[in-house]
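The residues making up each chain are set out below.
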Amino acid sequence: MKNAVEMKNVMKTYGKNVIALNNLSLIMKEGEISSLLGPNGSGKSTTIRMLTSLAYPDEGEILIFGNKKIDKRLIGCVSQSSGIDSMETGRENLTLQGRIYGLKGKKLKERVDELLRVFHLQEDADRLSKNYSGGMRRKLDLAMGIIHRPKLLFLDEPTTGLDPEARKELWNTIKRLQHTEGMTVILTTHYMEEADELSDWIAFINDGTIVAEGTAEELKSKVGKDTVTITCDKQAQAYSILQASYKTLEDKDQLLVMIEEGEQKLAGILEKLRGNQINVSSVTVSKPDLGDVYLLYTGKKLSAEEEAE
Ligand SMILES: Nc1ncnc2c1ncn2[C@@H]1O[C@H](COP(=O)(O)OP(=O)(O)OP(=O)(O)O)[C@@H](O)[C@H]1O
């Protein structure tokens, strides 16, 4: 499979002190859905801005489909801020967007009808888009982003703010686009479940550099361990006892013990705590997920608040 995107040792500094990208290198393959995951301020938007020629590297090289010069007609971009004109209908928004890309006449009408059908927006096509639900707006945004049949589509946090049902519907649409239009998709997201569900390849970015990459399965196997989550009194003492024997992290009012065969080892862990008169109020064992990979490589647990942003 050919490379859709190649970034080699890219550096980007804002002002004198803010290093946004620090020697970042990555490859994203043609026809795949690739995700960029990372905490706030880690460099996701800066990366996407460079891949869409909205920003330029101080050093390093960027190749899109093997070329240094980015052909904007090959690229579609759906950003977090919607490009929809609320006082126009869905059909009018799509028609206008098509004209911007030089479509006209029968071809334009056919493409608009096709997109309204693909995104299940036919029934609402002639309603003002200010009356659309959040899910419908995101679908319209997506339809507008691909009206010119880009080979490479950037999606910035595509499902933020959507309810679970609308989110799942959009995931299915994105997967369909990949298969029916052979589109390469690059997405940024805070949602681990979204990255897991959609991505052929995932890169974790932290402090402007890629800290881990691979398929979701490869990444989860790098953790290789279960997480035992413990709530107890005397947390500081419990932490110092556990971290002497196991890889242990403190996360607010919980302790996270990363351990192989967590269920089998649980009794021993609890015994150690009880032996030191520490009372455990709750304990759970979970198999590794992408959140654990995130924790391993960024040292941070993705909080519910951050997920909800
Ligand atoms: N125009 C700018 N001027 C100065 N600093 C900037 C600018 N844009 C980004 N930065 C800084 O560069 C770093 C990377 O920011 P970036 O927006 O790429 O992160 P991000 O991962 O997209 O974050 P978020 O998830 O919050 O959108 C941050 O420290 C940010 O404050």
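Residues numbered from 1 in each chain as written. Predicted model: local features only at pLDDT ≥ 70, side-chain atom pairs only at ≥ 80, totals over all residues. Heavy atoms only, no water.

Draft legend 1. Region of the structure containing the site of the ligand. The immediate surroundings of the ligand are formed by Tyr14, Val18, Ala20, Pro39, Asn40, Gly41, Ser42, Gly43, Lys44, Ser45, Thr46 and His190. In this structure, an oxygen atom belonging to the ligand sits 2.7 Å away from a main-chain N or O atom of Gly41. A distance of 2.6 Å separates an oxygen atom of the ligand from a polar side-chain atom of Thr46. Look at the ligand: alone it shows 640 Å² of surface, and the protein chains cover 58% of it. Breaking the shell around the ligand down by element, the ones donating at least two residues are β2 (18-29) and α1 (44-51). (Near = heavy atom within 4 Å. Polar contact = N/O pair within 3.5 Å; in protein donor to acceptor, adjacent residues only side chain to side chain. Areas by Shrake-Rupley, 256 points an atom, 1.4 Å probe, with all protein chains shown as cover. Helix = DSSP H or I, 4+ residues; strand = E, 2+ residues; numbered from the N terminus.)

Draft legend 2. Just the packing of aromatic side chains, in detail. As enumerated under the stated definition, the model contains one aromatic pair in all. Taking 6.1 Å as the distance between ring centres and 65° as the angle between the ring planes, the aromatic pair formed by Phe204 and Tyr294 counts as edge-to-face. With Phe204 in strand β8 (residues 201-206) and Tyr294 in helix α10 (residues 290-298), the pair connects residues that are 90 residues apart, well separated along the chain. Here Phe204 falls in the buried class, since its relative accessible area comes to 0%. Lying over the aromatic face of Phe65, Lys151 brings its terminal NZ or CZ to 4.1 Å of the ring centre. The residue whose ring lies beneath Arg167 is Tyr191, and the NZ or CZ to ring-centre distance is 3.8 Å. (Phe/Tyr/Trp six-rings, centres within 6.5 Å; stacked < 30°, edge-to-face > 60°. Buried < 20%, exposed > 50% of the residue type's maximum accessible area, 1.4 Å probe, protein only. Lys NZ or Arg CZ within 6 Å of the ring centre and 35° of its normal.)

Draft legend 3. Focus on the sheet that holds strand β1 (residues 3-14). A sheet is described by the order of its strands in space; here three strands give the open sequence β2-β1-β4, paired in antiparallel fashion. Looking at the sheet topology across the chains shown, the edges are occupied by β2 and β4 (59-64). The sheet shows a mean angle of 15° between the axes of neighbouring strands, taken without regard to direction. Those strands touched by α1 are β1, β2 and β4, and its axis lies near 120° from that of β1. (Pairing = 2+ DSSP bridges. Axes fitted to C-alpha atoms, helices over the stretch in contact; angles between N-to-C directions. Contact = heavy atoms within 4.5 Å.)

Draft legend 4. Molecular detail of the UniProt feature "domain: ABC transporter" (unreviewed entry) in the chain. Mapped onto the present numbering, the UniProt feature "domain: ABC transporter" (unreviewed entry) falls at residues 5-232. Secondary structure across residues 5-232 divides into 34% helix and 29% strand, with the first and last C-alpha atoms of the span separated by 47 Å. (UniProt positions renumbered as here; feature names shortened; annotations may be inferred.)

Draft legend 5. View of the pairing of strand β12 (residues 254-259). Along β12, five of the six residues are buried, which leaves the element largely enclosed by surrounding structure. Bridge count between strand β10 (residues 226-232) and β12: five bridges; the pairing is antiparallel. Bridge pairing links Ile230 to Leu255 in β12. Hairpin connection between strand β11 (residues 247-251) and β12: a loop of two residues separates the two successive antiparallel strands, and Lys252 in this loop has a positive phi of roughly 50°.

Draft legend 6. Representation of the pattern of salt bridges in the model. The full count for this structure, using the stated rule, is 20 salt bridges. For the salt bridge of Lys151 with Glu30, the shortest nitrogen-to-oxygen distance reads 4.0 Å. Here Lys151, found in the loop between α4 (134-145) and β6 (152-156), pairs with Glu30, found in the loop between β2 and β3 (33-37); they are 121 residues apart in sequence, far enough to count as distant. When its relative accessible area of 24% is taken as the criterion, Glu30 is described as partly exposed. Measuring nitrogen to oxygen at the nearest pair gives 3.0 Å for the salt bridge that ties Asp196 to Lys220. Linking Asp196 in helix α6 (residues 192-198) with Lys220 in helix α7 (residues 216-223), this pair joins segments that are 24 residues apart in sequence. (Salt bridge = Lys/Arg side-chain N within 4 Å of Asp/Glu carboxyl O.)

Draft legend 7. How the structure looks around the domain arrangement of the chain. When cut into domains, the chain gives domain 1 (3-214) and domain 2 (220-298). Taking the mean C-alpha position of each, domain 1 and domain 2 sit 37 Å from one another. Opposite the 11 residues of domain 1 that make contact, domain 2 presents eight residues. Carbon and sulfur atoms make up 71% of the surface buried where domain 1 meets domain 2, a total of about 840 Å² over both sides. Here domain 1 and domain 2 share one salt bridge between them. In this structure, the connection of domain 1 to domain 2 is made through two residue pairs in polar contact (both at pLDDT 80 or more). (Domains from an automatic or database assignment. Buried area = accessible area lost by both parts, 1.4 Å probe.)

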